[in-house]
Amino acid sequence: MMDDTVAAAFPFFLDADPGTRFCLFHAPLTEHPRGAILYVPPFAEELNKCRRMAAMQSRCFAQAGYAVLQLDLYGCGDSDGDFGDARWHVWLNDIEYACRWLREFGYPRPALWGARLGALLALDFACTSPDPPPALILWQAALSGSRYIKQFLRVETAAQMLAPDGAARAAGIVPSAKPLEVAGYTLAPALIQAIGERDAAQRTPPCPVHWLEVDSTGPAATSDTPDQVATTAAVSPSSARQIEQWRTAGVPVTVQAVAGQAFWASTEIVLCPALLDATTTLELP
């Protein structure tokens, strides 16, 4: 794993519609650049939990010879807009704006690297873009948008169970026709619905997929115990089913499961060195 003091990133605001998007660009640190990678971040608070890992991985990629663009989507992080105004189609457009910026700087077809719900967003973009990426790198991919958003809404749903329409609210993924406040984030019904309609099982990637997953069920290699490694690590059964579906459809899928903590969901900012090592050694087009 690379020393994270190396390779400072260049911050800038990317013109988009509406407003601007905050980006960090990591230039390749080798004499002969190997290509470019665009990072599609996770949803809501998972974005913040993953920032440290994403920054370290971006620097590892840069040291390996890749240009990396980290993107804050509309209404997220330091980009323009409020989270309550975010929409799935706007986020898809944000990816296109970022790809266009990379093309203008000599990187015509960046690979897409998505984490959690960002992996599902990257997959959706790859499957609908007229110019799909050469590869997808998926970190702990959220496979079902419906399942993901139901889990995110579970706090609000539980709070509404005593309401007259509580049973209907609990059964669906849109508890209200009005924006919802959940864990400090305002969600528009249109965004909830769009996320709920996305499902990896209904998409066939048009490019090779690199599937990376953290197995937190066994001994973990953490920043405090870098030499402690689980004897075995495996992807979840739902991930295995999705991987098999894509492989049956002819999609090249490489799979790596590593031991570590669920850094995207931890109350503290934690690291997973094994995931950084596995991702950095990927063979990308």
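Residues numbered from 1 in each chain as written. Predicted model: local features only at pLDDT ≥ 70, side-chain atom pairs only at ≥ 80, totals over all residues. Heavy atoms only, no water.

J.: Explain the overall build of the chain to me, and be specific about the residues and the numbers.
T.: Looking only at helices and strands, the chain has nine helices and 10 strands in total. Looking at the chain residue by residue over its 285 residues, the buried ones come to 54%. Within the chain, contacts between residues separated by at least 24 positions form 74% of all contacts whose residues are at least 6 apart in sequence. As displayed, the chain has an accessible area near 12600 Å², and 53% of this comes from carbon and sulfur atoms. (Helix = DSSP H or I, 4+ residues; strand = E, 2+ residues; numbered from the N terminus. Buried < 20%, exposed > 50% of the residue type's maximum accessible area, 1.4 Å probe, protein only. Contact = heavy atoms within 4.5 Å. Areas by Shrake-Rupley, 256 points an atom, 1.4 Å probe, with all protein chains shown as cover.)

J.: Lay out the nonpolar core in plain terms, naming residues and giving numbers.
T.: Of all hydrophobic cores here, the largest spans 62 residues; its most connected members are L38, F43, L69, W88, W91, L136 and W246. Sorting elements by how many residues they give to this core places helix α2 (residues 88-104) first, with nine residues. With residues near it in sequence (within four places) discarded, L38 still touches L69, L71, I95, A98, C99, L102, P110, A111, L112 and W113. Listed in part, the 29 residues of the second largest apolar core include Y39, M56, L212 and V270. (Core = buried A, V, L, I, M, F, W, Y, C linked by side-chain atoms within 4.5 Å.)

J.: Explain unusual backbone geometry to me, using residue names and the numbers behind them.
T.: Of note, the bond from D17 into P18 is cis; its omega dihedral lies within 30 degrees of zero at 0°. Its identity is not glycine, yet R116 carries a phi of approximately 55°, on the positive side. Along the chain, R116 falls in the loop between β5 (111-115) and α3 (117-128). For R116, a relative accessible area of 13% corresponds to the buried category. At Q140, a residue that is not glycine, the phi angle is positive and equals roughly 45°. Among the secondary structure elements, Q140 is positioned in the loop between β6 (136-139) and α4 (145-152).

J.: I'd like a description of the pairing of β5, backed by residues and values.
T.: Across the five residues that make up β5, a large majority, five, are buried. Neither face of β5 is open: one carries A111, W113 and A115, the other L112 and G114, and all of them are buried. Pairing analysis gives four bridges linking strand β3 (residues 35-40) to β5, with the strands arranged parallel. Bridge pairing links I37 to A111 in β5. Taken together, β5, α3 and β6 form a β-α-β motif whose crossover is right-handed. (Pairing = 2+ DSSP bridges. Right-handed = clockwise from strand over helix to strand, strands pointing away.)

J.: Account for α2, with residues named and values stated.
T.: The end-to-end C-alpha distance of α2, which contains 17 residues, comes to 25 Å, matching closely the 24 Å that a straight helix rising 1.5 Å per residue would cover. Residues W88, V90, W91, L92, D94, I95, A98, C99, W101 and L102 constitute the buried set of α2. G106, located one to two residues past α2, shows a positive phi value of around 90°. (Expected span 1.5 Å × (residues − 1).)

J.: Outline empty space enclosed by the protein, listing residues and values.
T.: Applying the stated criterion to the full structure yields three cavities of 30 Å³ or more. The computed volume of the largest cavity comes to approximately 60 Å³. Looking at the largest cavity, the residues that line it are C99, R103, P108, R109, P110, L112, F125, D131, P132 and P133. Grouping the constituent residues of the lining of the largest cavity by class yields seven nonpolar, no polar and three charged. Looking at the second largest cavity, its volume works out to about 50 Å³. Counting only elements with at least two residues in the lining of the second largest cavity, the list comes to α2 and α3. Ranked by residue count, the leading element in the lining of the second largest cavity is α3, at three residues. (1 Å grid on protein atoms, 1.4 Å probe; cavity = no way out; pocket = protein on both sides within 12 Å on 5 of 7 lines; lining within 4 Å. Points joined across faces, edges and corners; volume = space filled by probe spheres on them. Nonpolar A, V, L, I, M, F, W, Y, C, P; charged D, E, K, R; others polar.)

Any functional reading would require information beyond the geometric quantities listed.
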